[in-house]
Amino acid sequence: MMVETHVLFVEDDDVIREATQLALERDGFVVTAMPDGLSGLDAFRADRPDIALLDVMVPGLDGVSLCRRIRDESTVPVIMLSARADSIDVVLGLEAGADDYVTKPFDGAVLVARIRAVLRRFGHAGGPAGELGGQDGADEHGALSFGDLEIDKEGMEVRKGGEPVALTPTEMRLLIEFSAAPGTVLSRDKLLERVWDYGWGGDTRVVDVHVQRLRTKIGQDRIETVRGFGYKLKA
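Described below are features of the structure shown in this document. Each chain carries its own residue numbering, running from 1 in the written order of its sequence. For this predicted model, a pLDDT threshold of at least 70 governs which residues receive local features, and a threshold of 80 or more governs which side-chain atom pairs are given and counted, while totals over whole chains, interfaces and linings are taken from all residues. Side-chain figures throughout are based on the complete set of non-hydrogen atoms in the structure, without hydrogens or water.

### Considering the environment of Thr-184
(1) Moving on: On the secondary structure map, Thr-184 appears in the loop between helix H6 (169-180) and strand E10 (186-187).
(2) Moving on: Thr-184 sits 48 residues away from Lys-232 along the chain, and the two C-alpha atoms are 5.6 Å apart.
(3) Moving on: The residues contacting Thr-184, other than those within four sequence positions of it, are Tyr-231 and Lys-232. Elements are defined by DSSP. Helices are runs of H or I of four residues or more, strands are runs of E of two residues or more, and each kind is numbered from the N terminus. Pairs of residues are marked as contacts when any of their non-hydrogen atoms sit within 4.5 Å.

### Some thoughts on the sheet that holds strand E4 (residues 78-82)
(1) Moving on: At least two DSSP bridges between two strands are required for those strands to pair. Here five strands make up an open sheet; going across it, the order is E2-E1-E3-E4-E5 and the pairing parallel. Edge positions in the open sheet fall to strand E2 (30-34) and strand E5 (100-103), since each of these has one partner strand only. Across this sheet, the average inter-strand angle for adjacent strands is 20 degrees, counted without regard to direction.
(2) Moving on: Here strand E3 (residues 51-55) pairs with E4 via four bridges, running parallel. Looking at E4, one finds that Ala-52 is bridged to Val-78. In this description, a line fitted to the C-alpha atoms serves as the axis of each element, helices being fitted only across the stretch in contact, and the angle between N-to-C directions of two axes falls anywhere from 0 to 180 degrees.

### A short note on the environment of Arg-173
(1) Moving on: By the secondary structure assignment, Arg-173 is in helix H6.
(2) Moving on: Here the alpha-carbon distance between Arg-173 and Lys-153, two residues 20 residues apart in the chain, equals 9.5 Å.

### Regarding helix H4 (residues 88-95)
(1) Moving on: Think of it in three bands: with a 1.4 Å probe and only protein chains considered, a residue is buried below 20% of the maximum accessible area for its type, exposed above 50%, and partly exposed in between. For H4, the complete set of buried residues consists of Val-90, Val-91, Gly-93 and Leu-94. Buried residues of H4, seen end-on, are gathered within an arc of 160 degrees and therefore sit on one face of the element.
(2) Moving on: At the C-terminal side of H4, Gly-97 shows a positive phi close to 120 degrees. Think of the arc as the fan of directions from the helix axis to the C-beta atoms.

Pasting the structure below:
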């Protein structure tokens, strides 16, 4: 765990907010806890935290809208907190730019594990150095080309038709997984394991929403759905 990792936590329930803040601080996090979305946005802009935990249902500016505001300004990782696993708010939060979500009530240890998994992913978005260097279509600098799509895994940059494409670290990691094995079908469970660092089963909606977000940026036909199996990048 990084020293002095700063967490922004937005939660309107006083008991949950205080108990969670204490639990996170015991695990070595520095926590700024806010009771509503507007104060949360102000705190984000003032403090520039390393990660944001946003409850979906907070007053003033709801968690989904706050996530959109944060995503407009930053690629900082965002985890949404939702009281219902089957809520439409989960999908709305992911579509707004969240990287993951945790269902309430949650165990403190589970929340810490999910935070650490997201931070690891953001700290190592490109994977081990040289991981993709031997791929077909890669030049001596590690760049990959698929039609008009260019992926620079070392510089963490993507271009489509020569124009830069702005991806979040999660989207970048997802694209790198696809580009490492073009034409190969990757199951949702495999993507959860590789991109989200889930050694256990997770909600595949996280994968589906991120794939759709990625498609809107690199081209709807670039990633193909293989019904009943998963997704693959068209070579």
